[in-house]
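# Remarks on the overall topology
Here is how the chains run, residue by residue.
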Amino acid sequence: MNGVTPLERRYRRLLGWYPAPHRAAYGEEMIGVLLAAASDGRRRPGMADTVDLVKAAVRAWLRAIVIGAPDPGWRDALAAASLLAAPLMIVLLLGQNLGWIASLVWHTASETSGVPGALWPLAVLMLPLVLGLLGLARTATVAAFLLMVWVIVQAVLGQRLQEPRLAGYLVLLGVQVVALARSPGPRRGIELASARAALLAAPWLATAAYAGGIMPTHYPVPLIVAEIAIGLVALAGLPALAVPAGRRLLWLLVAIPGSAFVVSLLTFANVSFYAMSFAASQVALYLPPMILAGLAVMAARRLNGHRRGLAGGAA
């Protein structure tokens, strides 16, 4: 950077916010135009230039997200998520109140519906997966998107948008939409299944089943023994975190949807979630999943760009 003026150095720092492919293709040209338009003696970018560059960086990232190709590892993780998202929702719902999901899919339904009267929403949740398994990828994506929109509309009609549990399921539905749209689909997810993957997943599935109320929560042993045993089962699943596919899948199906429940931390700060305004509650519920989803996109782009760079260097 010897001989670089302070103004050019600051412009280059601003360009660092752009995606790497965009900088490689247009960076020098943008620097030339910016410096040519700057008045003599200027040492810092003007406010208008800074705002324009930041806005353009946001547009460049959005364009890269929409039309870019994700890293192959993330594509496989999304394929697995497209296979597992619907069954995961159903397993969690079986451990809760089936009437709740019935009233969510159709807001006038009774929350006290019993089995089998409340089983019909489970078939609705399975529809995108079934379409994907039949090879109707585009139809499956559209069905998943319409299902998510339908649930949002029903939640609005039922005045339930401030429910943290609803937020968790809505985010999981959103993950399913992206997984179906940006991956080879659930058929590829089945191809990725293996005995080793099932063995690594078993402790996590057992822990999730316990947390979701599927497994019994009372045992004929002292409570401390049960808690230690459950902790050991969860720790037994840690090797799955050493596998990139396992980390990515946990990020997609656990971390992103689960972050909607970060609002529970507000109670430790003596903040009453249900006393918040509607706008504030929606930010509290959906900002953490959006941040984690953004980090996942950035990780996929960064890794994909790094691999392309290595391939270009080898060539």
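Above this text sits the structure in question.
These remarks concern the structure in this document.

Rules of the game
- Residues numbered from 1 in each chain as written.
- Predicted model: local features only at pLDDT ≥ 70, side-chain atom pairs only at ≥ 80, totals over all residues.
- Heavy atoms only, no water.
- Helix = DSSP H or I, 4+ residues; strand = E, 2+ residues; numbered from the N terminus.
- Buried < 20%, exposed > 50% of the residue type's maximum accessible area, 1.4 Å probe, protein only.
- Contact = heavy atoms within 4.5 Å.
- 1 Å grid on protein atoms, 1.4 Å probe; cavity = no way out; pocket = protein on both sides within 12 Å on 5 of 7 lines; lining within 4 Å.
- Points joined across faces, edges and corners; volume = space filled by probe spheres on them.
- Axes fitted to C-alpha atoms, helices over the stretch in contact; angles between N-to-C directions.
- Parallel < 35°, antiparallel > 145°, perpendicular 65-115°, else oblique.
- Left-handed = near helix turned anticlockwise from the far one by under 90°.
- Salt bridge = Lys/Arg side-chain N within 4 Å of Asp/Glu carboxyl O.
- Nonpolar A, V, L, I, M, F, W, Y, C, P; charged D, E, K, R; others polar.
- Polar contact = N/O pair within 3.5 Å; in protein donor to acceptor, adjacent residues only side chain to side chain.
- Patch = residues over 30% accessible without salt bridge, like charges linked within 9 Å, V, L, I, M, F, W, Y side chains within 5 Å.
- Areas by Shrake-Rupley, 256 points an atom, 1.4 Å probe, with all protein chains shown as cover.
- Lys, Arg positive; Asp, Glu negative; His and termini not counted.
- Charge placed at Lys NZ, Arg CZ, Asp CG, Glu CD.
- Core = buried A, V, L, I, M, F, W, Y, C linked by side-chain atoms within 4.5 Å.

## Describing the overall build of the protein chain
When you go through the protein chain residue by residue, the secondary structure sums to 13 helices and 0 strands. Its helices and strands taken in sequence order, the protein chain reads α-α-α-α-α-α-α-α-α-α-α-α-α from the N to the C terminus. Buried positions account for 35% of the 315 residues belonging to the protein chain. A sequence separation of at least 24 residues applies to 75% of the contacts in the protein chain between residues at least 6 apart.

## Brief notes about empty space enclosed by the protein
This structure, assessed with the given rule, holds 1 cavity of 30 Å³ or more. If you add up the space inside the largest cavity, you get close to 50 Å³. What lines the largest cavity is Met-89, Leu-93, Ile-101, Leu-104, Val-105, Leu-125, Val-151, Tyr-169 and Leu-173. Elements represented by at least two residues in the lining of the largest cavity include exactly α4 (72-94), α5 (98-105) and α8 (164-181).

## A few points about the packing of helix α6 (residues 120-133) against helix α7 (residues 137-157)
At a closest axis distance of 7 Å, the pairing of α6 and α7 adopts a crossing angle of 165°. Relative to α7, the element α6 lies roughly antiparallel. Regarding α6 and α7, the two cross each other, and that crossing is left-handed. Listed contacts from α7 to Val-124, Leu-125, Pro-128, Leu-131 and Gly-132 of α6 are Thr-139, Ala-140, Ala-143, Ala-144 and Leu-147.

## Points about the pattern of salt bridges
It is possible for side chains of opposite charge to pair when their charged atoms get near one another. Scanning the model with the defined rule gives 5 salt bridges in all. A salt bridge links Arg-12 to Glu-8, with the shortest nitrogen-to-oxygen separation between them at 2.9 Å. With Arg-12 and Glu-8 both in helix α1 (residues 6-15) and 4 residues apart, this pair spans about one turn of that helix. Using a relative accessible area of 27% as the deciding quantity, one classes Arg-12 as partly exposed. Notably, a salt bridge pairs Asp-76 with Arg-188, separated by 3.1 Å at the nearest N-O pair. With Asp-76 in helix α4 and Arg-188 in helix α9 (residues 186-192), this pair connects stretches of sequence that are 112 residues apart. Looking at Asp-76, the relative accessible area reads 25%, which means it is partly exposed. Sharing partners across several salt bridges, the network here consists of Glu-8, Arg-12 and Glu-28.

## Let's talk about the packing of α7 against α8
At a minimum axis distance of 8 Å, the contact between α7 and α8 shows a crossing angle of 160°. Between α7 and α8, the angle falls in the class roughly antiparallel. Two packed elements cross with a definite hand, and for α7 against α8 that hand is left-handed. On α8, the residues touching Ala-140, Thr-141, Ala-144, Phe-145, Leu-147, Met-148, Val-151, Ile-152 and Ala-155 of α7 are Leu-166, Leu-170, Leu-173, Gly-174, Gln-176, Val-177, Leu-180 and Ala-181. Of the residues that constitute the contact of α7 with α8, the class distribution is 14 nonpolar, 3 polar and no charged.

## A word on the environment of Arg-23
Mapped onto the secondary structure, Arg-23 falls in helix α2 (residues 20-37). Taking the C-alpha atoms as reference points, Arg-23 and Arg-12, 11 residues apart in sequence, are found 9.7 Å from one another. Among the polar contacts listed, one links the side chain of Arg-23 to the backbone oxygen of Gly-16, at a separation of 3.4 Å.

## Concerning a positive patch on the surface
Judged by side-chain charge, Arg-9, Arg-13, Arg-43 and Arg-44 come together as a positively charged surface patch. You can see Arg-9 is positioned in helix α1. Arg-9 sits in the partly exposed class, given a relative accessible area of 31%.

## Things to note about the nonpolar core
Proteins that are soluble and globular tend to have nonpolar side chains buried together. Residues Leu-125, Leu-166, Leu-173 and Leu-252 are the most contacted members of the largest nonpolar core, which totals 46 residues. Of all the secondary-structure elements, those providing two or more residues to this core are α4, α5, α6, α7, α8, α12 (244-258) and α13 (278-314). Among the elements that take part in this core, α8 stands out by supplying 11 residues, more than any other. Leave out the neighbours within four places in its chain, and Leu-252 touches Trp-74, Ala-77, Leu-78, Ala-81, Val-175 and Pro-257. Ranked by size, the runner-up nonpolar core spans 12 residues in total, among them Leu-7, Leu-14, Leu-15 and Ile-31.

## Looking at the side chain of Arg-160
Structurally, Arg-160 can be placed in the loop between α7 and α8. You can call Arg-160 buried: its relative accessible area is 8%. Polar side-chain contacts of Arg-160 include one of 3.0 Å to the side chain of Glu-163.

## A short note on the environment of Glu-163
By the element assignment, Glu-163 lies in the loop between α7 and α8. Take Glu-163: its relative accessible area is 22%, and that puts it in the partly exposed class. The spatial distance from the C-alpha of Glu-163 to the C-alpha of Tyr-274 is 8.9 Å, given a sequence separation of 111 residues. Residues within four places of Glu-163 in sequence aside, it is in contact with Trp-100, Tyr-274 and Leu-285.

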